[in-house]
Amino acid sequence: MGVELASAPPADGHAGVYENIQRTLGRSFSWSEHRDGVLVDESGEWWSDRETGALLERRGRLRLLHLFGTPYERGLGHGRLLRETIAERKVAEFYGDFLYDLFLRSDALRFLPQSVRRHIGRFLESFYYAPLVRRLPREIVEELEGISDGSGCDRRQALRAILAPDIMETLAASFLNWGPSLGNYYLGACSAFYVNGAATRRGAALLARNMDFPGTIAWDPLVVLNHPTEQATFIGSSRPMRKPAYAYVTAAGFPGYGLTGFSEHGIAMSTHVCISRNVSLRGIPSLIYNHYLFTRSRSLDDVEALATGRRHGRRLRCASPHTALFADGSDVLALEVDSKRAVARRAGDEGVYVQTNHFIHPRLKLQEIAYPLEREHTIGRHKYITDAVQANYGQIDRQRAVDIISSGTDPAGKRRPIGALPAQINTLTSVVFEPTTGNAWMAEERPPAVCYGRYPGFNFHDEMAGLGRRTQLPALAASGRPLFGRDGRVSQKRQYEQNMLVRRSLARIDLAQSRLNFGRVEQALRQVAEAKQVFPCAEYEYLEALLHMKDGDFRSALTLMNELRAKHDYSPMQQMALDLWRARCCDMLDRREDARRLYRTLIRNSNVPRYFKDAARRGLRRRFRPADLPKTITLDRLGPLEF
């Protein structure tokens, strides 16, 4: 039996949004009971929570969630409307148990005393999580409690989930200084760029970004539109004011704090993990730090003042190193942050700024921890996007922004190293913002390789007013146009076909990683072999060799590595890693003299970085044994990150 809208009132003061939606659609809603106060419209496109007034719209493959009221009410509506999806995808469990799972299946366990291993859960809870949880603002705790209560997930897991980046960076700073690493890290690989003025076709500012982080199996993309009622204090105001409306591009069950969003003041933002020794469990968790800046600022100047303390003499202290871009229609503010300082940069007259996962400011760079291949990849992605922006300078529009952020080929149409491209195995979602208008386009697919799909659009201001269906934004097409020049080397059709093949192959690499995480090496090898068939790629052969080694088949691994060394021109860092593993394979095959020769070649090479030379010297002193192999391998970083 249908229930009229009057029988399902929204939260106080937000009836106008419902009325505008009705008017836009030209009809009244007819609701039927779905479960426990959750109502569904007869079309199946609208869902509403009777208690909080939360409203979920399914617009094709795009999902938009309106949340109203206090933090707890917003969380409760989120949890109630998306209960089934949250239970299915388990995003809170994935990130909430992130640290525990990492320890159990990584080399970190070997560094801990036996007495600690038996009580690892309690140790991690008290040492790592508890200090950060104590620094969460009450509004954050209340919203997460609301999501937990509405969805039925565990409150503690929800609290721990938002701390995953901070825990990861704290572990990196702790363990990597010991010498041997945790063996494997799932690092962020986010890429973003901002263009404005002469760099664009029509002068409109654009911020495009890929969000890359572990969790493709749990991530279910969602736009969360927040209509807060609580008060907040702003710089320059003598009394509290209503917190601005804001939206986050995030996932079901995850509020999206400080990741990727847009506010009613016309500010778009994105955040990027960096790895530095300057971490502190006494600071504000990084996502909450960004969220505070984002929701307490009415301009880029406000963001800078809050982060640096220039106006009021006291800056916010963040727990973990990262960079964050805050962009409006005229400029971008790039914050580089660690636990000791925050530095602000602007795009300047050129109107271009590119951001990946490393610091630019010299003082912050001094404390960076440089993984061999990770460092190469973040710089490679930065250079790739910079080159693409320069090659298309003056011609960048919305569609071109998608072409750049989702590219998986180099100027000659060949595959670059996996980590050195904007499109990643672990891309969770991709979005393009146009701050001047409030327009945004989000990739419509589920990960992995989400950025290769279409990008349906929405207008933030119309959505907040309940007029979203009135906005006729054409979807941006899946990337296909060549990025570099028009000399005929890569046609648009060929580029599109290659991107689709790359997408299919990356999906298989993602499956291989998930199999590998559970110790199923043979299944991982099959997935890599299928990826090679879909899109022949030297990097996939490299992964195959590493997996043979992981499986104990050192002869096959060495044979493949020797073939790769002879026929492929890898990047210098990757080639050095390959030579080191060739030497170690010889050791494990009792070919000690061959191993020594390869170790000495690495040591004599003046271009080999210190960490490779140190590993080679260890190999000369003591034979490398199967027990020394890393317990885990990260495929999107081409193996272990420390050597």
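Look a little higher up for the structure.
Residues numbered from 1 in each chain as written. Predicted model: local features only at pLDDT ≥ 70, side-chain atom pairs only at ≥ 80, totals over all residues. Heavy atoms only, no water.

(A) Here's a closer look at the state of the cysteines. Tallied over the full model, the rule gives 0 disulfides. You can see C586 has no disulfide; the closest cysteine sulfur is in C585, sitting 7.2 Å from it. (Disulfide = S-S within 2.5 Å.)

(B) Examining the sheet that holds strand β18 (residues 352-355) more closely. The 6 strands are arranged β18-β7-β8-β19-β20-β21 in an open sheet whose pairing can be described as antiparallel. Every interior strand has two partners, whereas the edge strands, β18 and β21 (457-459), have only one. Averaged over neighbouring strand pairs, the angle between their axes works out to 15° when direction is ignored. Looking at chain direction, strand β19 (residues 427-434) and strand β20 (residues 439-442) are connected through 4 bridges and run antiparallel. Across the sheet, V431 pairs through a bridge with M442, a residue of β20. Packing against the sheet, helix α14 (residues 372-391) makes contact with β7 (191-195) and β18, and its axis sits at approximately 30° to β7. (Pairing = 2+ DSSP bridges. Helix = DSSP H or I, 4+ residues; strand = E, 2+ residues; numbered from the N terminus. Axes fitted to C-alpha atoms, helices over the stretch in contact; angles between N-to-C directions. Contact = heavy atoms within 4.5 Å.)

(C) How the structure looks around the side chain of N210. With respect to the helices and strands, N210 occurs in strand β8 (residues 206-212). Here the side chain of N210 touches I405 through a polar contact of 2.7 Å, landing on its backbone oxygen. (Polar contact = N/O pair within 3.5 Å; in protein donor to acceptor, adjacent residues only side chain to side chain.)

(D) Representation of the packing of helix α17 (residues 492-517) against helix α18 (residues 521-534) in the model. Where α17 meets α18, the closest approach of the two axes is 8 Å, and the angle between their N-to-C directions is 175°. Accordingly, the angle class assigned to the pair α17 and α18 is roughly antiparallel. Each of L501, R504, S505, R508, I509, L511, A512, R515 and L516 in α17 lies in contact with α18, whose residues at this interface are V521, Q523, A524, Q527, V528, E530, A531 and V534. (Parallel < 35°, antiparallel > 145°, perpendicular 65-115°, else oblique.)

(E) Examining unusual backbone geometry more closely. The phi dihedral of K90 is positive, around 60°, even though this residue is not glycine. Tracing the backbone through its elements, the reader meets K90 in the loop between α3 (83-89) and α4 (91-96). Unusually for a residue other than glycine, D590 sits at a positive phi of about 65°. The residue D590 is located in the loop between α21 (572-588) and α22 (592-604) in this model. D590 sits in the exposed class, given a relative accessible area of 56%. (Buried < 20%, exposed > 50% of the residue type's maximum accessible area, 1.4 Å probe, protein only.)

(F) Spotlight on α18. Under the 1.5 Å per step criterion, the end-to-end length of α18 is 20 Å for 14 residues, consistent within 8% with the ideal 20 Å. The elements touched by buried residues of α18 are α17 and α19 (538-550). (Expected span 1.5 Å × (residues − 1).)

(G) The arrangement of the nonpolar core in detail. One finds F193, Y540, Y542 and M549 to be the most contacted residues of the largest nonpolar core, which totals 88 residues. The greatest single-element share of this core, amounting to 10 residues, is contributed by α21. In this structure, I140, I162, I369 and Y371 belong to the second largest nonpolar core, which totals 41 residues. (Core = buried A, V, L, I, M, F, W, Y, C linked by side-chain atoms within 4.5 Å.)

(H) Inspection of the packing of aromatic side chains at higher detail. Throughout the structure, instances matching the rule amount to 12 aromatic pairs. Ring geometry for Y95 and F254: centres 5.9 Å apart, planes at 55°, overall tilted. Note that Y95 is positioned in helix α4 and F254 in the loop between β12 (246-251) and β13 (260-263), a separation of 159 residues in sequence. For the pair shown, Y95 and F254 are each scored as buried. Aromatic pair Y246 and F294: ring centres 6.4 Å apart, planes at 80°, arrangement edge-to-face. With Y246 in strand β12 and F294 in helix α11 (residues 286-295), the pair connects residues that are 48 residues apart, well separated along the chain. By the burial criterion, Y246 is buried, and F294 matches it. (Phe/Tyr/Trp six-rings, centres within 6.5 Å; stacked < 30°, edge-to-face > 60°.)

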